[in-house]
Amino acid sequence: MTVLTETVARPCEQPAAVRSQVTVPLRFPDGFIATAEVMTFHGLADGKEHLLLGLGQWEQRLLDQGPDGTAPLVRLHSECLTGDVFGSERCDCGPQLREAVEEIAAVGGFLLYLRQEGRGIGLYSKLDAYALQDAGLDTYEANVALGRGEDERDYTAAAQMLGALGAGRIRLLTNNPDKVGQLTALGVDVAEQVPTGVHLSDANRLYLAAKRNHTAHTINLPDVDPPVPSAPIPTHDEVLARVDALVPRLRERAEETEELRRIPAATIAELKEAGVFQMLAPKAVGGYGMGLETYVQVVRRLAQGDVSTAWSVGHLVEHVWMLARWPKQAQDEVFAAGPAPLAAATGAPPGSAEKVPGGFAISGRWSFASGVMHSDWALLAVQHGGVRLQCLVPMADLELLDVWHTAGLRGTGSNDLRAEGLFVPAYRALEWSLLAAADNPGSFIHPDPSIHIPMATFLNMVAPAAALGAAEHALKEFRNLMMVRKVKQTVEKRQADSPLAQARFTQAYGQVATARLHWEEAVRVVSASFGRRPVAFTDEERAQYRLSLGLSGQASAEAVRLILTGSGGSVHRLTHPLQRIQRDVNVLLNHASLTMDPILEQAGRGLLDLGFSIPAEQF
């Protein structure tokens, strides 16, 4: 937007003159009638066919406009075909036009109908901007995305029209400070700014909020203000302290979690109370707006209590973050109940989608839906022709298949989902490439830095963080065991006194340290990209962080292997935490983010500057 801030008036150098004047009776759809003297002009600076409508006792107001009199009430109204003619509710232009005619006719003054569709970008471009707004941009961002200015309107012609009638002092009917600023700079004395009413509808809430927030329009919209968190946003350290306090109870419930094949209700309640699920949610919806560093530390520390819980919670938190990347209409629906809507997500294998009126009909059976046992929503991958979509679906619309009977990560309850011909409205279907990109729809809505991060970055972080936390827990258990355990066929009273056992512990300790250093290096590489716009990795950086994550997982697993083989047969009882840790880590190693063969191949290509042989968003 161009805001003129000159303090010295610059009267229009080029005068304009009235070209014609004709009386036009007006009737609005609600029955209101008025009579206007419609004037056209010669010599307008931009050469456009702007109109001035004299309403009420406008001639008397011109006579009274001196310092002690009542100046004419004036409205600068930019043409809006969709709102003025068709009654579009995406803006407030139609109601403002109707209001202005009545207000001005009652006291006398002028309505200037300016041919400046779409804040000066034209009708077709305005409709193109609407399409971008449907993808999550606000009205100003959409103009910029089209290569236009936020507001291209220049009110020089308006000042000329007023000058042609001798209206040098006016009362301006507007909420827009730019109109006041420009007219004042053009030599018009704006004696008073009179606000218009607030014409709020469900379709223009975000439009009005953008005008208020971005260009300081005087609009009172208390019902679209962002929700205020019920408590102050905790710091990084405070969140970690809350999680650390949960770890002992996670260990106590680890066996129950495995038997239930889901996280116990008591644990879910404690996690919600600690605010864990809302750590990545944007501040505008009541979340904490935290970043990668807090998130991965939380997953790591939860895994020191129970790996299944860490895995499920890590993905549920991540999926809140994914929901914040959607266009506004979908976000309004899912965040209506609070800042942490729980959703499962799965794309293995993708389902199919058929275009139908108003949206898509989807069918498929999706596996590995981690967090599904605690979710109200599901994010499902589908193929529509050659385009991959993600569909947002209420859990109540899906069939849950209880198939999660596994050797490890049993407590995640990562069951299957099934649907056949399920209707998904168009606003809850989004192209995967757009959702996964740094410039996703949510990145134009929320300023929180994490929303601008490519999606694959977070998706690759959960398994390595969980493996590291599991290995750290295993090392502590091994140390405690060594201090009391008597090993058969040895002379030492306890295992810790054996030089060979000491060497084994040292090896395991070193592997955990190696896992931690690789993990920290990956987090460092990823975090270093956050200050860029757009957030992006070079091939070398992507190779570095994926390789570091893979090597971290490999070292974590090796530490657990060393510990288990040196801990005796009793640790393989189902009541012992070490056997559970081993089984959980073994399953983690089969996740795509820790499967070393493709990681080594693609990382090698990236480090050698050969280019990845798979799309970057998949690696």
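The structure displayed is predicted, hence computed values, not measured ones. (Residues numbered from 1 in each chain as written. Predicted model: local features only at pLDDT ≥ 70, side-chain atom pairs only at ≥ 80, totals over all residues. Heavy atoms only, no water.)

Focus on the sheet that holds strand 3 (residues 51-55)
1) Next: Taken together, the seven strands give an open sheet; going across it, the order is 1-2-3-5-4-6-7, and neighbouring strands pair in mixed fashion. The sheet is open, and its two edges are formed by strand 1 (17-27) and strand 7 (189-194), each paired on a single side. Put simply, the sheet's adjacent strands are angled 30 degrees from each other on average, direction ignored.
2) Next: Relative to strand 5 (residues 109-114), strand 3 runs antiparallel, the two being bridged by five bridges. Of the residues in strand 5, the one forming a bridge with Gly54 is Phe110. (Pairing = 2+ DSSP bridges. Helix = DSSP H or I, 4+ residues; strand = E, 2+ residues; numbered from the N terminus. Axes fitted to C-alpha atoms, helices over the stretch in contact; angles between N-to-C directions.)

Things to note about the side chain of Ser443
1) Next: Relative to the helices and strands, Ser443 resides in the loop between helix 16 (432-436) and helix 17 (455-459).
2) Next: Overall, the relative accessible area of 8% leaves Ser443 in the buried class.
3) Next: Within the structure, Ser443 has its side chain in polar contact with the backbone oxygen of Asn440 (distance 2.6 Å).
4) Next: Beyond its immediate stretch of four places on either side in the chain, Ser443 contacts Ala438, Ile451 and His452. (Buried < 20%, exposed > 50% of the residue type's maximum accessible area, 1.4 Å probe, protein only. Polar contact = N/O pair within 3.5 Å; in protein donor to acceptor, adjacent residues only side chain to side chain. Contact = heavy atoms within 4.5 Å.)

Regarding the confidence of the model for the protein
1) Next: For the protein, mean pLDDT is 91; residues scoring 70 or higher make up 95% of the total.
2) Next: For the stretch residues 224-229, pLDDT sits under 50, and the model shows ten contacts to residues farther than four places along the chain or on other chains. (pLDDT = per-residue confidence, 0-100.)

Observations regarding empty space enclosed by the protein
1) Next: All told, the structure shown has one cavity of 30 Å³ or more when counted by the stated rule.
2) Next: Quantified by volume, the largest cavity comes out at close to 430 Å³.
3) Next: As for the largest cavity, its lining consists of 35 residues, of which Cys93, Arg119, Arg153, Tyr207 and Lys211 are closest to the centre.
4) Next: Listed by contribution, the elements that provide at least two residues to the lining of the largest cavity are strand 4 (73-78), helix 3 (93-107), helix 4 (117-120), helix 5 (123-134), helix 6 (139-145) and helix 9 (205-215). (1 Å grid on protein atoms, 1.4 Å probe; cavity = no way out; pocket = protein on both sides within 12 Å on 5 of 7 lines; lining within 4 Å. Points joined across faces, edges and corners; volume = space filled by probe spheres on them.)

Some words on the environment of Thr412
1) Next: Of note, Thr412 is situated in the loop between strand 12 (399-401) and strand 13 (416-425).
2) Next: Residue Thr412 is classed as buried on the basis of its relative accessible area, which comes to 1%.
3) Next: For the pair Thr412 and Arg262, spaced 150 residues apart in the sequence, the C-alpha separation amounts to 5.2 Å.
4) Next: The residues touching Thr412, leaving out its near neighbours within four places in the chain, are Arg261, Ser308, Trp311, Ser312, Gly371 and Trp404.
5) Next: Within the structure, the side chain of Thr412 is placed 2.9 Å from the backbone oxygen of Leu409, a separation counted as a polar contact.
6) Next: A distance of 2.8 Å separates polar atoms of two side chains, one belonging to Thr412 and the other to Ser414.

Some remarks on unusual backbone geometry
Glycine aside, the phi torsion of most residues is negative, and most peptide linkages are trans.
1) Next: Along the chain, Ala348 connects to Pro349 via a cis peptide bond; the corresponding omega equals -15 degrees.
2) Next: Looking at where Pro349 falls in the secondary structure, it is placed in strand 8 (residues 343-356).
3) Next: We note that Phe368 has phi near 60 degrees; this positive angle belongs to a residue other than glycine.
4) Next: For Phe368, the location among the structural elements is in the loop between strand 9 (359-366) and strand 10 (377-384).
5) Next: Here Phe368 falls in the exposed class, since its relative accessible area comes to 53%.
6) Next: The phi dihedral of Asp609 falls on the positive side, at around 60 degrees, and the residue is not glycine.

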